[in-house]
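A closer look at the structure
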Amino acid sequence: MLGSTLTDARVQTGFSLAFHIVFAVFGVGLPWLLIVTEGRWLRTGDAVWLALTKKWSRVMAVLFAIGAVSGTVLSFEFGLLWPAFMARYGGVLGLPFTLEAFAFFAEAIFVGLYLYGWKRLSPRAHWLTLWPIAISGTLSTLFIVTANAWMNVPTGIKEVGGKVVSAEPLAPLTGPGALPESLHMLLAAIMCTGGVVAAVYAVGMLRGRRDAYHRRGFRVGLVTVLAAAPVQLVVGDLAARVVEKYQPAKLAAMEGLAHTRDHAPLTLGGIYDPHTGKIRFGIEIPDGLSLLTGFRADKTIRGLDILPAKEQPATPVVHLAFDTMVGAGMAILGLATLLAAVALWRRRKGIRPLIPLNRPWLVAGALTGPAAMFAMLAGWEVTEAGRQPWIVYGRMTVREAATTSGGIGWSLAATVLVYLGLATALVLILRRLATGAPPSLAADSDLPTPLDPDSSALESPRPEHAHLEGTPR
Amino acid sequence: MTAVDLLLAVIVSALAAYALLAGADFGAGVWDLLAHGRHADRERRLIAHALGPVWEANHVWLIFVIVATFSGFPTAFGLIARGLELPLALALAGIVLRGAAYVYRAYGEGAAGPESLWSRIFAVASSITPFMLGVSGAALATGKVTATSGPLAPFGSAFTLVSGVFAVVVTAFLAAVYLCHDAGTDPDAKDLVPAFRRKALAAATLAGAVSLALLPLLYRDAPVVAHRFTDRSIPFVVLAVLCGFGSIAVIWARRYVLARATAGAAVAAVLLGWAAAQYPDLAVGAATARESAAGTANLHALLIAMAFGLVVILPAFYLLLKVFSGPEGEREFEATQSQ
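So, here is what we can say about the structure in this document.

Reading guide: rules and limits
- Residues numbered from 1 in each chain as written.
- Chains lettered and ligands numbered in written order.
- Predicted model: local features only at pLDDT ≥ 70, side-chain atom pairs only at ≥ 80, totals over all residues.
- Heavy atoms only, no water.
- Helix = DSSP H or I, 4+ residues; strand = E, 2+ residues; numbered from the N terminus.
- Rg over C-alpha atoms; globule rule 2.2 N^0.38 Å.
- Buried < 20%, exposed > 50% of the residue type's maximum accessible area, 1.4 Å probe, protein only.
- Contact = heavy atoms within 4.5 Å.
- Phe/Tyr/Trp six-rings, centres within 6.5 Å; stacked < 30°, edge-to-face > 60°.
- Lys NZ or Arg CZ within 6 Å of the ring centre and 35° of its normal.
- Core = buried A, V, L, I, M, F, W, Y, C linked by side-chain atoms within 4.5 Å.
- Buried area = accessible area lost by both parts, 1.4 Å probe.
- Salt bridge = Lys/Arg side-chain N within 4 Å of Asp/Glu carboxyl O.
- Polar contact = N/O pair within 3.5 Å; in protein donor to acceptor, adjacent residues only side chain to side chain.
- Nonpolar A, V, L, I, M, F, W, Y, C, P; charged D, E, K, R; others polar.
- Pairing = 2+ DSSP bridges.
- Lys, Arg positive; Asp, Glu negative; His and termini not counted.
- Patch = residues over 30% accessible without salt bridge, like charges linked within 9 Å, V, L, I, M, F, W, Y side chains within 5 Å.
- Areas by Shrake-Rupley, 256 points an atom, 1.4 Å probe, with all protein chains shown as cover.
- Axes fitted to C-alpha atoms, helices over the stretch in contact; angles between N-to-C directions.
- Parallel < 35°, antiparallel > 145°, perpendicular 65-115°, else oblique.
- Left-handed = near helix turned anticlockwise from the far one by under 90°.
- Expected span 1.5 Å × (residues − 1).
- Disulfide = S-S within 2.5 Å.

What chain B contains, in helices and strands, is 14 helices and two strands. Compactness check: chain B gives a C-alpha radius of gyration of 20 Å against a globular reference of 20 Å for 339 residues, within 12% of the reference. Its C-alpha atoms give chain B principal-axis dimensions of about 55 × 40 × 35 Å. Taken over 339 residues, chain B has a buried fraction of 58%. Intrachain contacts of chain B at a sequence separation of at least 6 include 81% that bridge at least 24 residues.

For the coordinates displayed, the defined rule picks out 23 aromatic pairs over all chains. On the numbers, 5.0 Å between centres and 70 degrees between planes, the contact of A:Phe19 with A:Phe23 is edge-to-face. With A:Phe19 and A:Phe23 both in helix α1 (residues 5-44) and four residues apart, the pair spans about one turn of that helix. Note on A:Phe102 and B:Phe64: the rings are 5.4 Å apart at their centroids and 65 degrees apart in plane angle, and the pair reads as edge-to-face. A residue pair is termed interchain when its members come from two chains, as with A:Phe102 in helix α4 (residues 94-116) and B:Phe64 in helix α3 (residues 55-72). Here a set of aromatic residues connected by ring pairs shows up, and it is made of A:Phe102, A:Phe105, B:Trp61, B:Phe64 and B:Phe317. Lying over the aromatic face of A:Trp118, A:Lys54 brings its terminal NZ or CZ to 3.9 Å of the ring centre.

A few words now on the nonpolar core. One finds A:Trp82, A:Phe85, A:Ile109, A:Phe218 and B:Tyr104 to be the most contacted residues of the largest nonpolar core, which totals 258 residues. It is helix α2 (residues 47-81) of chain A that provides the largest number of residues to this core, a total of 21 residues. Those residues in contact with A:Trp82, other than ones at most four positions away along the chain, are A:Leu6, A:Ala9, A:Arg10, A:Thr13, A:Glu77, A:Ile391, A:Val398, A:Ala401 and A:Ala402.

Before going further, it helps to examine the interface of chain A and chain B. Each side of the interface is counted separately: chain A has 61 residues, and chain B has 68 residues. When the two sides are added together, the surface that chain A and chain B hide from each other amounts to roughly 6,000 Å², 73% of it contributed by carbon and sulfur. The tally of links between chain A and chain B comes to one salt bridge. Taking the shortest distance from any N to any O, the salt bridge between A:Arg58 and B:Glu109 comes out at 3.4 Å. Where chain A packs against chain B, one counts seven residue pairs in polar contact (both at pLDDT 80 or more). For the side of chain A that touches chain B, the secondary structure elements donating two or more residues are α2, α3 (83-89), α4 and α15 (408-433) of chain A. In terms of residue class, the side of chain A that touches chain B is built from 44 nonpolar, 11 polar and six charged.

With that settled, the discussion passes to the pattern of salt bridges. Scanning the entire structure with this criterion turns up 16 salt bridges over all chains. We note a salt bridge from A:Arg280 to A:Asp273, for which the minimum N-O separation is 3.4 Å. As a salt-bridge pair, B:Arg42 and B:Asp191 come within 2.9 Å of each other at their nearest N and O atoms. Of the two residues, B:Arg42 sits in helix α2 (residues 40-51) while B:Asp191 sits in the loop between α7 (158-185) and α8 (193-221), which places them 149 residues apart along the sequence. Note on B:Arg42: relative accessible area 28%, which makes it partly exposed. Accessibility expressed as a relative area gives 43% for B:Asp191, which makes it partly exposed. Bridged by salt links that share partners, the residues B:Asp32, B:Asp41, B:Arg44 and B:Arg105 form one connected network.

Here the focus is the pairing of strand β1 (residues 157-160) of chain A. All names here are of chain A. Pairing of β1 with strand β2 (residues 163-167) involves four bridges; the strand directions are antiparallel. What sits directly across from Ile157, in β2, is Ala167. With antiparallel pairing between neighbouring strands as the criterion, β1 and β2 make up a hairpin whose turn holds two residues, including Gly161 at a positive phi of roughly 55 degrees.

Its location among the elements puts A:Lys55 in helix α2. Although A:Lys55 is buried, it makes no salt bridge; B:Glu109 carries the closest opposite charge, 6.7 Å away. Setting aside chain neighbours within four positions, we find A:Lys55 in contact with A:Tyr201, A:Tyr213, A:Leu433 and A:Gly436.

Together, B:Ile234, B:Val237, B:Val238, B:Val241, B:Leu242 and B:Phe245 make up a nonpolar patch on the protein surface, roughly 550 Å² of accessible area in all. For B:Phe245, the position within the fold is in helix α10 (residues 234-252).

This brings us to the packing of α1(A) against helix α13 (residues 359-385) of chain A. Residues and elements named next belong to chain A. Close contact between α1 and α13 brings their axes to 11 Å; oriented N to C, the two are set at 135 degrees. What the angle tells us is that α1 and α13 run oblique. Pair α1 / α13 crosses with right-handed handedness. For the pair formed by α1 and α13, the contact residues are Ala18, Ile21, Val22, Val25 and Phe26 on the first element and Met373, Met376, Leu377 and Trp380 on the second. Split into classes, the residues belonging to the contact of α1 with α13 amount to nine nonpolar, no polar and no charged.

Here we take up the environment of A:Val242. Topologically, A:Val242 is positioned in helix α9 (residues 212-246). Sequence separation between A:Val242 and A:Ala178 is 64 residues; the distance between their C-alpha atoms is 9.7 Å.

Another point: α4(A). Given 3.6 residues per helical turn, the α-helix brings residues three or four places apart onto the same face. A rise of 1.5 Å per residue sets the reference length of α4(A), with its 23 residues, at 33 Å; its end C-alpha atoms lie 33 Å apart and thus fit the reference within 8%. Of all 23 residues making up α4(A), 22 are buried, and the element is well covered by its neighbours.

Take the state of the cysteines next. All names here are of chain B. A full pass over the atoms with the stated rule returns zero disulfides over all chains. Free of any disulfide, Cys180 has its nearest neighbouring cysteine sulfur in Cys243, separated by 17 Å. Accessibility expressed as a relative area gives 1% for Cys180, which makes it buried. We classify Cys243 as buried; its relative accessible area is 13%.

This part takes up the packing of helix α1 (residues 3-34) of chain B against α7(B). Two quantities define a packed helix pair, namely the angle between the helix axes and the distance between the axes. Residue and element names in this part refer to chain B. It is the contact of α1 with α7, at a shortest axis distance of 7 Å, that shows an interaxial angle of 90 degrees. When the axes of α1 and α7 are compared, the pair comes out roughly perpendicular. Facing Ala19, Leu20, Gly23, Ala24, Gly27, Ala28, Val30 and Trp31 of α1, the residues of α7 in contact are Val168, Thr171, Ala172, Leu174, Ala175, Ala176, Tyr178 and Leu179. Across the contact of α1 with α7, the residue classes tally to 13 nonpolar, three polar and no charged.

Take a look at the structure:
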């Protein structure tokens, strides 16, 4: 219950992590999109690409700062809320955290150069500063998630009497979960960025702002999220196989499988009932889970009963979160497949633009944003709740790790208040930023060009607007 | 030199970088808070302009210090986090609010409350953080901080409280010195130089006075560190005093580039003097560096990673400072703001 130190510490960590992740994903994804838009502007001198670049760089500036300070909160909270965990395993996780700090360093340095260097750098040098931002943002995601992967599958460590006596420094980076889990998160970040960008411009177009600025913003975002979806399916499958092998209880909780058995069914949706060990209202596919994990129907899958009830994860939450993630991911993948088919067909028929922009497609595009964000948060719920009651799987429980300090209730209340205040302000600011193309563009861009939006007059090379700032010289 | 000592040296150097770079950013927030009169808005704008490109990179030095401490000295980190939970949590609140308020003011266009509100939050949060970090550092020297000493223990002596004040004054001093140069190279802000010069001289004098008050408190409240201080830190004290008076002299002579060097050296000398006296304790009486260190293989891996990392980061950091240190071509700040 809230009010106990353990619960308060867990809630505060969960809240801080969710806050950080929701904003930090854009710090990972936006630089890659900016490489595209600013690169297009450099090549074409087209004011629309510049306007998109400027807008997104302002969004990145705000979100990067919020990601940076909320990330600092986490690094303090490890010690403030989980001192016993850090005291025992801080050294083991040292390498990924140190590498992450350096990646973050590079990111912050080049973000400063990028955001404030429009006049001080040549256009080409300015565009080049995006590369270290994008690469180090990507690397910092990979490094930080390997630390989490190690907590899930702790390898390369010897302990005697509750003390680490030897630990391979590279273990967190080379563990079986490291690559699939960190890639899974990286793709999620890119999908969230693409989806939310697509959603913003889809909503803009649904409200009647059908100019080249919105069409291109929508296209860049939508192509990003949809192109990443099939890759995510493969990587997510790899990650699940690692879970099956090293964290059987987590897999059992994800699938709501109470008893170890062969011919294990796959149950889609539904609510797991911990008293009966059955899923209510789910759709059961006979042999499905056995076939998915072992490629044969008689493959034995370990159920929750491999552990005593006290050591089992909270299956109702884990199963629900897992199906939310998979459902949202599959919906995005379905849209990707459908749209790919439609685009191919339209290309054969010579219809432009390849991505249809009528109402149903825009609504579908707008939904990819929330779908990707929900899937990402649900995925974190799966990996964290599915590891309970352990903080380091099989080695240290969350209870052992938690602080024993009495004042955590205050700290939780303050964290929630401050973060809610900051999030509200941030949403207001982002809404203000999302008010369409800059006036100088919007003036001429209401002229629709039904056949090919990319041939409209305002997109001719070097219109006047391009000379306002950062023009190639 | 053992791996433990080498890692300590890296951490202390990073802490010095944090103090000299991010410290000045916090100090600039103090001047934002104290700005008044008809030039107040222009002073605030100069401060915001100076911080813009660098404050996030400067802030990463703290993350580096935290990560290096918990990776290299995990048991000490667990203990320090428990003992210093209140001042560290308040410093953290200051860090979060300062950063958020800065970008909300710069990019918010008034969408989430007036700029003056975020300006005030920025300034107050900037002043809280160095105070809390000063208290935290001093508390580690007192020998009264343990895992069970309670949240108020770090605030329990005059020494820690005055150290917090000292940290605020020192950061304000650094900021004023740096801003003298920034204002001087900005054609639109040249007339603000005399005001920042007065602030720099006042802060230098105040820093000297507070440090004099701090010495007897050090001997009373932190005897273990005080005795090592007498044995080891005199060279640093001499350097700090010389550079402190030197700073006053060169600011008086309006040599602001040189003043940056002397001011930085004075502050670094104070920090090194404390670090030398603190060695080999991380928290006096509760954790030494050697006892709390991670395994040797892990320390070696950390040091190798840090060597490679610094080879990449330091040139980039130099590039950042260089690109934004030259005389202004045009006032890009306004251009970005008005978009």
